[in-house]
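Here is how the chains run, residue by residue.
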Amino acid sequence: MRIPIIAGNWKMHKTIKEAVEFVENIKDRVKGTDVEVVLCTPYTLLQSVKEATKGTNIKIAAQNMHWEENGAFTGEVSPLMLNEIGVDYCVIGHSERRQYFNETDETVNKKVHTALKYGIKPIICVGETLEQRENGETNTFVKSQVVKAFKDIESKKVLDIVIAYEPIWAIGTGKTATSEEANEVIYQIREVIKELYGEDIYTEIRIQYGGSVKPNNIEEIMNQEDIDGALVGGASLKSDDFVELVNF
Ligand SMILES: O=C[C@H](O)COP(=O)(O)O
């Protein structure tokens with residue numbers, strides 16, 4: 001049985017004070033939920049949010065990491081460092097990292113390997129541009145992103161991975177894929193996992209949708225058969241909205 005996962009991706013938002021207040025504000029209001037609750041915070045907030053969430057059902061995630069354990073990589077943060085804080089998940093290959101910071105399918109795959117080595121669960125993001133969608137290339141493109149991200153990942157580790165399907169044109173734009181469109185692509189992603197790892201893993205792997213998810217559309221999205229949660233940007237910044245999303 002797949003436990004849904006709702007992850008708030010704060011992107012480059014919030015100070016330590018704001019982050020701790022947010023956790024204080026939501027922690028008692030999300031504790032009755034059946035979904036896994038995750039906050040993906042900037043590096044500077046991870047330690048404070050980890051402390052603030054102690055004893056709660058809220059897990060924490062980084063938004064990126066390097067694939068090496070240490071070295072001359074100015075400005076980067078390694079899985080070893082995230083592991084020391086007790087980070088549960090790490091978002092890998094978000095479209096903003098692919099678009100603005102030269103993230104490639106190859107670096108995504110390297111990061112997935114190292115995250116798993118350190119017990120950090122990857123949330124691998126995939127998704128097409130508007131142009132690709134209009135050209136009918138969505139499934140081919142997204143499938144190839146998935147295949148490359150999972151290159152040489154052993155089957156025993158696969159269920160530690162979450163996939164987030166985020167059509168780029170739906171991120172922060174207020175446009176969502178219809179829940180049926182999202183479900184269709186997510187179904188295709190699940191088929192790729194079946195080809196790579198077989199029926200059991202295909203049934204169990206969790207695949208989220210992301211892109212303009214809000215309290216007013218979460219229920220419809222979560223009611224789709226193949227969608228196991230949401231990776232939420234804008235609407236995760238307000239505590240009341242986030243609580244609504246988690247308790248949809
Ligand atoms: O990681 C989250 C996604 O980029 C979605 O962002 P959004 O909910 O603001 O569209």
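Residues numbered from 1 in each chain as written. Predicted model: local features only at pLDDT ≥ 70, side-chain atom pairs only at ≥ 80, totals over all residues. Heavy atoms only, no water.

The protein chain appears in an unreviewed UniProt entry as Triosephosphate isomerase from Marinisporobacter balticus. Annotation of the protein chain in UniProt includes, under Subunit (unreviewed entry), the sentence "Homodimer." Of the comments in the UniProt record for the protein chain, the one headed Sequence similarities (unreviewed entry) reads "Belongs to the triosephosphate isomerase family." (UniProt positions renumbered as here; feature names shortened; annotations may be inferred.)

### Some details on the sheet that holds strand S2 (residues 36-40)
Spatial strand order, S1-S2-S3-S4-S5-S6-S7-S8: eight strands in a closed barrel with parallel pairing. Strand after strand, the sheet turns through a mean of 25° between neighbouring axes, direction not considered. Running over the sheet, helix H5 (residues 105-117) touches strand S4 (89-92) and strand S5 (121-126) and is turned about 160° from S5. Most of the contacts of helix H12 (residues 239-246) go to strand S1 (residues 5-9), to which it runs at about 160°, and overall it touches S1, S2 and strand S8 (229-232). (Pairing = 2+ DSSP bridges. Helix = DSSP H or I, 4+ residues; strand = E, 2+ residues; numbered from the N terminus. Axes fitted to C-alpha atoms, helices over the stretch in contact; angles between N-to-C directions. Contact = heavy atoms within 4.5 Å.)

### Some details on the pairing of S2
With respect to burial, S2 is a largely interior element, five of its five residues being buried. Direction of pairing for S1 relative to S2: parallel, over a ladder of five bridges. Each residue of the ladder has a partner; that of Ala7, found in S2, is Val38. Sheet analysis places S2 next to strand S3 (residues 58-62), joined by four bridges and oriented parallel. In the sheet register, Cys40 faces S3, and the bridge partner there is Ala61. (Buried < 20%, exposed > 50% of the residue type's maximum accessible area, 1.4 Å probe, protein only.)

### Observations regarding the UniProt feature "active site" (unreviewed entry) in the protein chain
Under the feature "active site" (unreviewed entry), the UniProt entry names His94 and Glu166. Spanning 73 residues, the named residues form one tight spatial group whose C-alpha atoms are at most 8.5 Å apart. With respect to the helices, strands and loops of the structure, His94 is situated in the loop between S4 and helix H4 (95-100). Residue class for His94 comes out buried when judged on its relative accessible area of 4%. Of the polar contacts made by the side chain of Glu166, one reaches the side chain of His94; its length is 3.1 Å. (Polar contact = N/O pair within 3.5 Å; in protein donor to acceptor, adjacent residues only side chain to side chain.)

### Some remarks on the site of the ligand
The local shell around the ligand holds 13 residues, among which Lys11, His94, Gly172, Ser212 and Gly234 are the closest. Contact distances for the ligand include 2.8 Å between an oxygen atom and a side-chain N or O atom of His94. At 3.3 Å from an oxygen atom of the ligand is found a side-chain nitrogen or oxygen belonging to Glu166. For the ligand, the accessible surface in isolation is 310 Å², of which the surrounding protein chains cover 96%. Looking at the shell around the ligand residue by residue, the class counts come to four nonpolar, seven polar and two charged. (Near = heavy atom within 4 Å. Areas by Shrake-Rupley, 256 points an atom, 1.4 Å probe, with all protein chains shown as cover. Nonpolar A, V, L, I, M, F, W, Y, C, P; charged D, E, K, R; others polar.)

### Looking at the UniProt feature "binding site: substrate" (unreviewed entry) in the protein chain
The UniProt feature table records "binding site: substrate" (unreviewed entry) at Asn9, Trp10, Lys11, Gly172, Ser212, Gly233 and Gly234. A stretch of 226 residues holds the annotated residues, and the largest C-alpha distance among them is 13.9 Å, short enough that they meet in one place. Note that Gly233 resides in the loop between S8 and H12. Judged by its relative accessible area of 18%, Gly233 is buried.

### Quick look at the pattern of salt bridges
By the definition in use, this model includes 19 salt bridges. The closest approach of N and O atoms between Lys59 and Glu36, which form a salt bridge, is 2.8 Å. Remark: Glu36 occurs in strand S2 and Lys59 occurs in strand S3; sequence separation between them is 23 residues. Between Arg133 and Glu181 there is a salt bridge, and its shortest N-O distance comes to 3.8 Å. Residue Arg133 is located in helix H6 (residues 130-134), and its partner Glu181 is located in helix H9 (residues 179-197); the two are separated by 48 residues in the primary sequence. Here the salt bridges share partners, and the residues they tie into one network are Arg2, Arg190, Asp226 and Asp228. (Salt bridge = Lys/Arg side-chain N within 4 Å of Asp/Glu carboxyl O.)

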